[in-house]
Structures are given as structure tokens and as C-alpha cells.
Amino acid sequence: MTDTSVEAAAEAAKPTIFFDGVSSRRRQVALTLSDALVIAEEGGAPVSWAYADIRRADSPAGVLRLASTSAPPLARLEIRDVALAAQVTARCTRLDEHQTTRRGIAKIVGWSAAAAVSIVCVVLFGVPLAADRLAPLVPKPIERRIGDASEVQVKTIFGRRVCEDPAGKAAFTKLVNRLRDAAGLDDDATTAGVLPSSVPNAFALPGGKVFVLNALIDKAESPDELAGILAHELGHLKHHDNMRGLIYNGGTSFLIGLLFGDVTGSSAVIFASRSVVEASYSREAETAADTFAIEIMHKLGRSPKPAAELMFRITGKEGGSGFTILASHPLTEDRLARMTKEDRPASGPPLLTDTEWRALKGICGSGKI
């Protein structure tokens, strides 16, 4: 078919509509298929589209709607004549180049999968690695601010009351000081307290804070049992495990806050208090804290075995009854066996006198919790 006959067919066919992309006026045009697609409106200046620039646009059935990369973005040509549409598409070799092909879909799926794997790798490896690197580098003043803020939340959880019977508090302070001195921890940076609760537990907060819940003292049968638990918690402080867990659980939001100094805002406090209630350290962190406790008890001339017996006694009897020391200190027979293996005859003086131990047992008073 010659160009002249195509023009004649176009004239006789269904109307071809053109929108120039500048105005909303609907224009009825004629097409000339020469070196380029020429779009002409009667009485108007013709518009020329290079075939290589023409792309298929979304259109209803029975209409070939075209756009051009060199025309205004909203410019559209609508061809309703089937024969004319076939003539135009035959010349437009890049008509569907912008459409997503099977290869393109595969590429998108591939990149999406790669992105998902990257996110998983960041969560599994990147954030823990950042937590391991950053935890020891957090300045002491910032860590104390985090500890102070989370302490407020923790005390709220446990009723805003602290056990402070004078004699009991004096005995508890003596026990903590002996452990702290043996551990070589900063006197000014380490504080400890007893909170009233029917839950037998102990935990550490950032900033050198250790708390014991009174039910744990009630279940302890000797100062050595309680001392080993406290030494274990001091081990977590020494190794920055609580700070590491806070960074890890807080994730990106906490890291950004740490970077810009806003680390005592609501997000940090929520993560800190939640990490206490749902405390969980890695197997490596627990093993290291056990090793630390063993070393401290040996320095004091006492055995670490009683603390393991206390934990095992609690978890064995109450492990299935909800929130106990089991929640933050998973203990197995292997762990008890390790402490038993490290058992030695006492070579140091008692950590507390019998009178002091009785006072410590009554640190929360005689009232029921």
C-alpha cells in the first residue's frame, strides 16, 4: 500500500483523536505515515512524532492509544481504525519498550528478594554487630541518664515502693559493696535496691543499677545464695549486656537517638523497661556472667554453687507458673553442674552475720506483698 492510499484509508476510517498535552481540547486529525508519523488537524500546524519515540499507552478495547517521549507528557493519539493502527504499530519498533516484560518482572522479583535478604541480614547480623560495637562506647553520663529514666518506669511497674527497712538496707548495702569491691566496679557508678514483689527475680539496668525482687530474698536460704545471683547481675553490668540488649531491641530508632543525644525519650524508656520485664540474654552473655560470678565468689572465698541451687530450686518448682527468675536466667542441669564443679570449701569470712542476714530477710517489713 502506498502512502497516498494509506492517507485515503485514514480519511475514510473511524476518526483519529489527538490531545496535544497542553490543552484539553479534543482534536480530530489525519495521519500521514512517512519518515515520521505526521499528525495534522485541518487548519492547524502538523505535529511530527518520530517512530522511535512512540510508546503504547493504556487504552480501552478497540482503541490504540499512543504517546511520544518527545511530546508533552499528557499528549495522546487515539487510533480507532484497525487497519491504520496496524500500519502505525508496524513502523513503531520500540512501541512496548517501556512495558514490563517477563525478564523485567524477573528482575524486579530478584531485586525485591535481594532487598528482603539484605533486611534480614541487617536484623540478624548488622544490628547485633552494631550493638556489640556501640555498647562499650556509650559515655557513662548517657548510660546513667538511660538508667535513671528506665528506673522510674521499673519502679512504676512494681508499685513505686522500695524496701528500705534500716537494718535490712544496711545489710543489703554491705553485701553489695563486698561484691562490687571484689568485682572492681566503680563505687559511684553502681547502685542496688530491693523492690517488693511476689516474683523471685533480679535484673540489671543501664548505668550500673541492680535490683532484687523481695521474693528472691525470701526464697534464699543463705547470703551466699543471694550473693551469687547479685554477682551474676554485676557480670551483666561489667560486660555491658543490658546496654547491648537495649541497643539491639531498640534497633534503628534507638541508634538514631543515641547518635543525636535523644536517648532518654519515650522510645528509649519503653525499650529499657520492656527489656527488664522480658529480660533475655544470649547464651554467650549468660555463660560470661556465670564465669564472672564464679570468679567473684572465689575471690571472696565463697562457693558459687549455692546460687545455682537457688536458681534451680526456683525454676524447678515455679518454671511453669509465669514470670519468675526463669524468665531472665534460663538455667539447665548443665549450668548447675558447672557451678557444682566450681564448688570449693569456704576460705573467706561469711558475707553477712546471722543477725545481718535476718535483717536482710526482713528488708521489706513484715507486711504481705
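Since we're looking at a predicted model, the values are computed, not measured.

S.K.: When you look at the overall build of the protein in this model, what are you seeing that I'm missing?
M.R.: Helix and strand content of the protein: 13 helices and ten strands. Out of the 369 residues in the protein, the part that is buried amounts to 44%. Partitioning the contacts of the protein with sequence separation of at least 6, the portion at a separation of at least 24 is 64%.

S.K.: Hey, could you run me through the sheet that holds strand β4 (residues 47-49) in this one?
M.R.: Strand pairing in a sheet relies on backbone hydrogen bonds, with the paired strands running either antiparallel or parallel. With respect to topology, seven strands assemble into an open sheet ordered β4-β3-β2-β1-β7-β6-β5, the strand pairing being antiparallel. At either end of the open sheet lies a strand with only one pairing partner, and these are β4 and β5 (54-56). Going across the sheet, the axis of each strand differs from the next one's by a mean of 35°, ignoring polarity. For β5 and strand β6 (residues 64-68), the ladder comprises three bridges, and the chain directions are antiparallel. Bridge pairing links Ile 54 to Ser 68 in β6. Running over the sheet, helix α2 (residues 82-91) touches β1 (16-19), β2 (27-33), β3 (37-40), β6 and β7 (76-79) and is turned about 55° from β2.

S.K.: Just checking my understanding: could you explain the pairing of β6 for this structure?
M.R.: Put simply, side chains in a regular strand alternate between the two faces of the sheet. Among the five residues of β6, four are classified as buried, and the element is accordingly described as predominantly covered. The sheet contact formed by β6 and β7 spans three bridges and is antiparallel. In the strand pairing of β7, Leu 64 is matched with Ile 79.

S.K.: Please explain the environment of Lys 341 as it appears in this structure.
M.R.: Within the fold, Lys 341 resides in helix α12 (residues 333-341). Sequence-wise, Lys 341 and Lys 305 are 36 residues apart; in three dimensions their C-alpha atoms are separated by 8.3 Å.

S.K.: I keep staring at the state of the cysteines and nothing clicks. Help me out?
M.R.: In a disulfide, the sulfur atoms of two cysteines are held together by a covalent bond. The full count for this structure, using the stated rule, is one disulfide. Here Cys 163 connects covalently by a disulfide to Cys 364, the sulfurs 1.6 Å from one another. Judged by the torsion about the S-S bond (85°), the Cys 163/Cys 364 disulfide is right-handed. Pair noted here: Cys 163 is in the loop between α4 (140-157) and α5 (166-183) and Cys 364 is in the segment after α13 (354-361), with a separation of 201 residues, a long-range link. Across the pair, Cys 364 and Cys 163 agree in class, each one buried.

S.K.: Sorry, what's going on with the packing of aromatic side chains here?
M.R.: For the structure shown, the criterion picks out two aromatic pairs. Taken together, a centroid distance of 5.9 Å and an interplanar angle of 70° make the contact between Phe 18 and Trp 49 edge-to-face. Here Trp 49 lies in strand β4 and Phe 18 lies in strand β1, a separation of 31 residues in the sequence. The exposure class assigned to Phe 18 is buried, which follows from its relative accessible area of 6%. Ring geometry for Phe 203 versus Phe 211: centroids 5.9 Å apart, planes at 35°, classification tilted. Considered together, Phe 203 and Phe 211 belong to a single accessibility category, that of buried residues.

S.K.: How should I be thinking about the confidence of the model for the protein in this particular structure?
M.R.: In low-pLDDT regions, the fine details of the predicted coordinates are not to be read closely. Summarising the model, the protein shows a mean pLDDT of 78, and 70% of its residues fall at 70 or more. Confidence drops under a pLDDT of 50 for residues 4-12, and excluding neighbours within four residues, the segment shows nine contacts in the predicted structure. Scored below 50 in pLDDT, residues 317-330 shows 36 contacts in the model against residues more than four places distant or in partner chains.

S.K.: In this structure, what is going on with the side chain of Asp 290? I would like to understand it.
M.R.: One can find Asp 290 in helix α10 (residues 283-299). Residue class for Asp 290 comes out buried when judged on its relative accessible area of 3%. Sequence-distant contacts of Asp 290, that is, excluding residues within four places in its chain, are made with His 232, Arg 335, Arg 338 and Met 339.

S.K.: Whenever I open this one, the environment of His 236 confuses me. Can you help?
M.R.: Examined against the element boundaries, His 236 turns out to sit in helix α7 (residues 223-238). Within polar-contact distance, the side chain of His 236 engages the side chain of His 232 at 3.1 Å.

S.K.: Could you clarify how one ought to interpret the sheet that holds strand β8 (residues 191-195) in this entry?
M.R.: Ordered by their spatial adjacency, three strands build an open sheet running β8-β10-β9, and the pairing between neighbours is mixed. Two strands bound the open sheet, and with one partner strand each, they are β8 and β9 (202-205). Taken over all neighbouring pairs, the strand axes of this sheet differ in orientation by 20° on average, direction set aside. In this structure, β8 lies alongside strand β10 (residues 209-213), joined through five bridges in parallel fashion. Opposite Thr 191, over in β10, you have Lys 209 as the bridge partner. On top of the sheet, α7 reaches β9 and β10; it is set at about 145° to β10, its chief contact.

Conventions used here
- Residues numbered from 1 in each chain as written.
- Predicted model: local features only at pLDDT ≥ 70, side-chain atom pairs only at ≥ 80, totals over all residues.
- Heavy atoms only, no water.
- Helix = DSSP H or I, 4+ residues; strand = E, 2+ residues; numbered from the N terminus.
- Buried < 20%, exposed > 50% of the residue type's maximum accessible area, 1.4 Å probe, protein only.
- Contact = heavy atoms within 4.5 Å.
- Pairing = 2+ DSSP bridges.
- Axes fitted to C-alpha atoms, helices over the stretch in contact; angles between N-to-C directions.
- Disulfide = S-S within 2.5 Å.
- Phe/Tyr/Trp six-rings, centres within 6.5 Å; stacked < 30°, edge-to-face > 60°.
- pLDDT = per-residue confidence, 0-100.
- Polar contact = N/O pair within 3.5 Å; in protein donor to acceptor, adjacent residues only side chain to side chain.

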